[in-house]
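The chain contents come next:
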Protein chains: 2
Amino acid sequence: MGRKLNLEDIAKLAGVSRSTVSRVINGHPNVSPETRRRVLDVIARENFQPNPAARTLVTSRTQVLGIITPQAATSIFTDPYFPTLIQGVTRVANQHDYAVMLWLANTGEDADPLYRRILGSRLMDGVVVASVVDGDPLIPQLIERDFNFVVVGRPTFDNLNYVDVDNRRAARIAVEHLIRLGRRRIGTITGRLDMVAGQDRLNGYKDALLASGLPVEPELIAEGDFSEASGYVGMKALLERGVDGVFAANDVMAISAMRAIREHGLSIPGDIALVGFDDLPMASAVTPALTTVRQPISRLGEMATEALIRLIEGQLSTPYQAILPTQLVIRDSCGAVTRTGR
Amino acid sequence: MGRKLNLEDIAKLAGVSRSTVSRVINGHPNVSPETRRRVLDVIARENFQPNPAARTLVTSRTQVLGIITPQAATSIFTDPYFPTLIQGVTRVANQHDYAVMLWLANTGEDADPLYRRILGSRLMDGVVVASVVDGDPLIPQLIERDFNFVVVGRPTFDNLNYVDVDNRRAARIAVEHLIRLGRRRIGTITGRLDMVAGQDRLNGYKDALLASGLPVEPELIAEGDFSEASGYVGMKALLERGVDGVFAANDVMAISAMRAIREHGLSIPGDIALVGFDDLPMASAVTPALTTVRQPISRLGEMATEALIRLIEGQLSTPYQAILPTQLVIRDSCGAVTRTGR
DNA sequence: GTGAAAGCGCTAACAA
DNA sequence: TTGTTAGCGCTTTCAC
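Residue numbers here run from 1 along each chain, matching the order of that chain's written sequence. A letter from A marks each chain and a number from 1 marks each ligand, given out in the order of writing. The predicted nature of this model means local features are confined to residues of pLDDT at least 70 and side-chain atom pairs, given and counted, to a pLDDT of 80 or more, with totals for whole chains, interfaces and linings taken over all residues. Each side-chain value is worked out from all heavy atoms of the structure, with water and hydrogens disregarded.

1. Considerations on the packing of helix 2 (residues 18–25) of chain B against helix 3 (residues 33–46) of chain B
Residue and element names in this part refer to chain B.
Point 1. Contact geometry of helix 2 with helix 3 gives a least axis separation of 10 Å together with a crossing angle of 85 degrees. Looking at the two axes, helix 2 sits roughly perpendicular to helix 3. Between helix 2 and helix 3, the contacting residues are Thr-20, Val-21, Arg-23, Val-24 and Ile-25 on the first element and Thr-35, Arg-36, Val-39, Leu-40 and Ile-43 on the second.
Point 2. Residues are grouped as follows: Ala, Val, Leu, Ile, Met, Phe, Trp, Tyr, Cys and Pro are nonpolar; Asp, Glu, Lys and Arg are charged; every other residue, Gly included, is polar. When the residues that make up the contact of helix 2 with helix 3 are grouped by side-chain class, the tally is six nonpolar, two polar and two charged. Where helices are involved, their axes are fitted lines through C-alpha atoms of the stretch in contact, as for all axes, and angles between N-to-C directions lie from 0 to 180°. Labels follow the DSSP assignment, with helices taken as runs of H or I lasting at least four residues and strands as runs of E lasting at least two, numbered in each case from the N terminus. For classification, angles of less than 35 degrees are called roughly parallel, those exceeding 145 degrees roughly antiparallel, those between 65 and 115 degrees roughly perpendicular, and all remaining angles oblique. What makes two residues a contact is simply this: any of their non-hydrogen atoms within 4.5 Å.

This is the structure in C-alpha cells:
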C-alpha cells in the first residue's frame, strides 16, 4: 500500500496552495471556478480523501455518530427491533456523511465507568440512545457532559430530545379492538415496568377498559418482562383466572402465550382473542391468527438520527419530541386488513 | 462544558513534561515509579482521556474496528443472526479497547463507490465482513488496498482469513437424522446459492443422501433464498412432488414451510419431518416440533474479532481459518435432546 | 481569489 | 530517567 497523498500533494499536482485545496474540499466561496475545477479534477483522479484525524484535530468534529443500547435489549427484544432501528440510523447517518459507532453496554450501575469512557473519548459528535431503563446512569451522564443526544423511546426525564411511537394510544386501540369483539374479561401480560414502553402499554390497556366502563382488575394484569418465558408464565396465570381476551405487550410474549393457550386445550381466536405488540415479522408467518400492533421502527431510527444531526449542526429547536402513530394489523386466515392507529 | 485538558495541562499539574505524561499513558518503561504514580494520580483526578484524533494523526492507528454487512442481510436473516454476531464483535472489541463502526452496505456492483469511501477513509484499523455474496466487489477491494479484514462465513476466495461454522457437515448431519427416522424421499429448500453458506448446506444434503445410497433427485431440490416467501413457495413445490422429509436451509424458511405443510392438510413430524437451520430462538417457542441446527453465532463474531485484532497488531499467522462445529437440536414435545454435530 | 503560516494534541527521536 | 523538538495533515486567520 503506497503512501497516502495529502493536501500538499494535491496542491502541488494542481499547481495551487494547500489552502486552496482545502477551500475547494470544504466548498468555500472565493475560489475561482477555473481553479476549483482543476483541483477537483486532481482530487478525483487521485481518489483523494482528506485524513479525518487531522481534520478532527482542528475542527473538533468527528463526523461520527454513536448508537448506544443496553446489551440486554438485543436479547430482550429477540425480535428484529434492534437491527431495524440500526438500519434506520445508519441509513440516515451515511446519507449525511456520518459514520456510526455502535456501543452495546451492559446496563446497570456498574455501567457508569464505561459510559464515562465512551462519552469522554471525543470519538463522536452525538449519540442515539435506545431502550433505556429507569435508573440507568446514561442519561444523567449525557446531560452532565452536555453531550448531543436523542433518545429512542420516551425517557422518564423531561425536556429531552426523543422520538417514540404512541405506545399508550396503540395499546388502548388494541384493547378497544378486543372489546369491540365482545370480549369482557380482558387480561394483559405487561412488558418490563421499569421501562417506559412497558408502563405506557399498561396504561393504554387501562385507558381502554376505563373508557368502556369495564373494571380494571389487578388479577388480570400479569407482570412480564418482554421475554418469551414471561409470556408463557403470565398466560398460565391468566388462564387460571379466566380470560376471553389478552393484550400482550410484545409479540415475543404473545407467541409464547399462544403456546400456553393451546396447551390448555383452548383455541386462539375462538376461546381467547389475542393481540400482540411489535410486529415481529416472523409472527405473521407463524400465526396468521395473531392481531398485532405494527411500529414504524426503522422510521424511528431515521427520525432520531435526522434530529441528532440537526442538533449537532446547531439547527434544532429543542426539545425535539416526535410521537409516531402505529397501526393495528388485523389478519384473517388469508389476507390482512390494516387499520391506522386512531 | 469547560475546555478539555490536554497532555500539557496534565504535565503541568504533575510537574513533569508532556513526553513523560505520554510515556506513562502508553505504558513505556523508563519512567520512575514515583513519577508514574504522580502522573497517574493527576490523570485519575482530572479524569483525563487523551485526544484520539491527535493520537491517530501521529500513529495512524485509530483503535476502531468496522463491521461491514450487506444491508440485505438484515432482512434476509430476519432471525437474530445479525444482532447476535454484532454482539460478539463489540464485546471482544471493547474488551481490547477498540470501538466499533457499523456499515450496512447495499450489496451489488453499485456498492463499489461506497466501499471506496469506507475503505479509503482511514477511519478504521480493520474490518469484520459478514455475509458476502458472490460477485460482491468488497473482498477484491479489501485485498487491493491490503486492508486488514476477517470474513465471517467462508468466502469464495482462497487464502483469506475467515471463521465459519461447518455448514456442510451440519447439513449432512441434519439430513442423516431424517434418514435415521426412516424417511426416504427427502427434499431440501436451499438458501441463496450465490452465497457459500447456501451452497455448503446444499452440498451437505447431497453428501448425506449419497453416503446412504439414496438418489439425489433434482426435483426434490427447491431453490430458495433464505426468505420467508421462498420457504413457502419451495415447500409447495416439494409437496407437489411428494416428500416425507425436508431439510430447510434456515429456520425462516422452515417456519413458512410448516405453514405450507399444514395448509396442505399434512402433519408435521408425522407426514413430513422437517429440519431447519440457524436456530432462530423464536422457533423453539412456536414450534417445539422443529428440529434444527444451532450455530454458535456469537462465538463466530468473537473469534473473528479476536483474529482481526491480532492481525492488526501484527501477531496473526495468516491465513487464519477457523471452522466451528454446530449442534443438532432435537426436541420432543417437552424437553430438548442436544447432540453434538459429529 | 490565493498563499503563507500558525496551531489543533499527540508521539517519538534525539539530547541532556 | 526526563525534557526539547519536530512533525502528523488539516483548517483558518491574516496578508497580499
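2. A few points about the domain arrangement of chain A
Interfaces are often sized by the accessible area lost when the parts come together.
Residues and elements named next belong to chain A.
Point 1. Domain start and stop positions are those given by an automatic or database domain assignment. On domain assignment, one finds that chain A holds domain 1 (7–59), domain 2 (64–165 + 297–324) and domain 3 (167–296 + 328–340).
Point 2. Between domain 2 and domain 3, the contact holds 19 residues from the first and 15 residues from the second.
Point 3. By buried area we mean the combined loss of accessible area, with a 1.4 Å probe, across both parts when two parts are placed together. Across the domain 2/domain 3 interface, buried area totals approximately 1,500 Å², and carbon plus sulfur atoms make up 59% of it.
Point 4. Think of a salt bridge as a Lys or Arg side-chain nitrogen and an Asp or Glu carboxyl oxygen that are within 4 Å of each other. Summed over the shared surface of domain 2 and domain 3, the number is one salt bridge.
Point 5. One salt bridge connects Arg-154 with Asp-200, and the closest N-O pair in it is separated by 2.8 Å.
Point 6. Whenever a nitrogen or oxygen atom comes within 3.5 Å of another N or O atom, the pair is scored as a polar contact, on the condition that within protein one atom can donate a hydrogen and the other can accept it, and that pairs from neighbouring residues in sequence are kept only if both atoms are in side chains. The tally of links between domain 2 and domain 3 comes to seven residue pairs in polar contact (both at pLDDT 80 or more).

3. Here's the deal with the side chain of His177(B)
Residue and element names in this part refer to chain B.
Point 1. Structurally, His-177 can be placed in helix 9 (residues 167–180).
Point 2. Here His-177 falls in the buried class, since its relative accessible area comes to 7%.
Point 3. Beyond its immediate chain neighbours, meaning those up to four positions away, His-177 contacts Val-275, Thr-291, Leu-328 and Ile-330. With a 1.4 Å probe rolled over the protein chains alone, any residue whose accessible area is under 20% of its type maximum counts as buried; one over 50% counts as exposed, and the rest are partly exposed.

4. Thoughts on the nonpolar core
Point 1. We define the nonpolar core as a collection of buried residues of types Ala, Val, Leu, Ile, Met, Phe, Trp, Tyr and Cys that are connected through side-chain atoms lying within 4.5 Å of one another. If you look at the biggest cluster of nonpolar residues, it comprises 64 residues, and the most contacted ones within it are Leu85(A), Val152(A), Val163(A), Leu85(B), Val152(B) and Val163(B).
Point 2. Leaving out residues up to four positions away in the same chain, Val163(A) has contacts with Val151(A), Val152(A), Gly153(A), Arg154(A), Leu300(A), Met303(A), Ala304(A), Tyr320(A) and Ala322(A).
Point 3. Core analysis: the next-biggest nonpolar cluster, separate from the first, contains 44 residues, Trp103(A), Val129(A), Val151(A) and Leu123(B) among them.

5. So, the packing of aromatic side chains
Residue and element names in this part refer to chain A.
Point 1. Pairing of aromatic side chains here covers Phe, Tyr and the six-membered ring of Trp, requires ring centres within 6.5 Å, and sorts the geometry by plane angle: under 30 degrees stacked, over 60 edge-to-face, intermediate tilted. Summed over the entire model, instances satisfying the criterion amount to two aromatic pairs over all chains.
Point 2. The interplanar angle of 65 degrees and the centroid separation of 6.3 Å between the aromatic rings of Phe-247 and Phe-277 together place this pair among those described as edge-to-face. Of the two residues, Phe-247 sits in strand 8 (residues 245–248) while Phe-277 sits in strand 9 (residues 273–277), which places them 30 residues apart along the sequence. When sorted by exposure, Phe-247 lands in the same class as Phe-277, which is buried.
Point 3. Geometrically, a charge over a ring is one whose NZ (Lys) or CZ (Arg) sits within 6 Å of the ring centre while staying within 35 degrees of the ring normal. Taking NZ or CZ as reference, Arg-201 lies 3.7 Å from the ring centre of Phe-277, over its face.

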